[in-house]
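In case you want the letters, here they are:
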Amino acid sequence: MNKNEYKNPLVPQRADPWCLKHIDGYYYFTGSVPEYDRIELRRSETINGLSDAEGTVIWKKHESGAMSYNIWAPELHYID
């Protein structure tokens with residue numbers, strides 16, 4: 001695979017992918033996990049490296065209420 005080819009999918013078993021190249025030079029990735037119960041974030045120096053990057057849980061669903069179900073399609077934005 002040359003540097004202009006990308007893995008498809010970038011991260012297996014992740015729907016609704018969202019990827020951002022930050023000013024620190026890293027690529028950040030989030031997407032719906034199969035259980036729809038948490039939001040994970042991955043970071044890599046390359047887009048293709050996101051596939052093997054370890055996911056870090058940055059948010060878990062609540063036990064009850066509006067934020068306890070349908071945890072899907074997370075987005076990642078850099079503001080200022």
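Everything quoted here is computed from the prediction, not taken from an experiment.

Novice: I would appreciate a short explanation of the environment of lysine 61 in the present structure.
Specialist: Residue placement: lysine 61 occurs in the segment after β4 (56-60). Judged by its relative accessible area of 41%, lysine 61 falls in the partly exposed class. Considering only alpha carbons, one finds lysine 61 and arginine 38, 23 residues apart in sequence, at a separation of 5.7 Å.

Novice: Where do I start with the sheet that holds β4 in this structure?
Specialist: Whenever strands of a sheet pair, they do so through backbone hydrogen bonds, lying parallel or antiparallel. Judged by pairing direction, the sheet is antiparallel, and its 4 strands sit side by side in the order β1-β2-β3-β4 without closing on themselves. Here the strands that pair on one side only, and so sit at the sheet edges, are β1 (15-21) and β4. Going from strand to strand, the sheet's axes swing by 25 degrees on average, the running direction of each strand aside. Of the pairings in the sheet, the one linking β1 to strand β2 (residues 27-32) comprises 5 bridges and is antiparallel in character. Its bridge partner lying in β2, cysteine 19 is registered against phenylalanine 29.

Novice: How should I be thinking about the pairing of strand β3 (residues 38-44) in this particular structure?
Specialist: The side chains of a regular strand alternate, first on one face of the sheet and then on the other. Counting buried positions along β3 yields 5 of 7 residues, so the element is predominantly enclosed. Note: β2 against β3, 3 bridges, orientation antiparallel. Each bridged residue has a counterpart across the sheet, and for phenylalanine 29 the counterpart in β3 is arginine 42. Counted along the chain from β2 to the antiparallel partner β3, the turn is 5 residues long, and its residue tyrosine 36 has a positive phi close to 55 degrees.

Parameters and conventions
Residues numbered from 1 in each chain as written. Predicted model: local features only at pLDDT ≥ 70, side-chain atom pairs only at ≥ 80, totals over all residues. Heavy atoms only, no water. Helix = DSSP H or I, 4+ residues; strand = E, 2+ residues; numbered from the N terminus. Buried < 20%, exposed > 50% of the residue type's maximum accessible area, 1.4 Å probe, protein only. Pairing = 2+ DSSP bridges. Axes fitted to C-alpha atoms, helices over the stretch in contact; angles between N-to-C directions.

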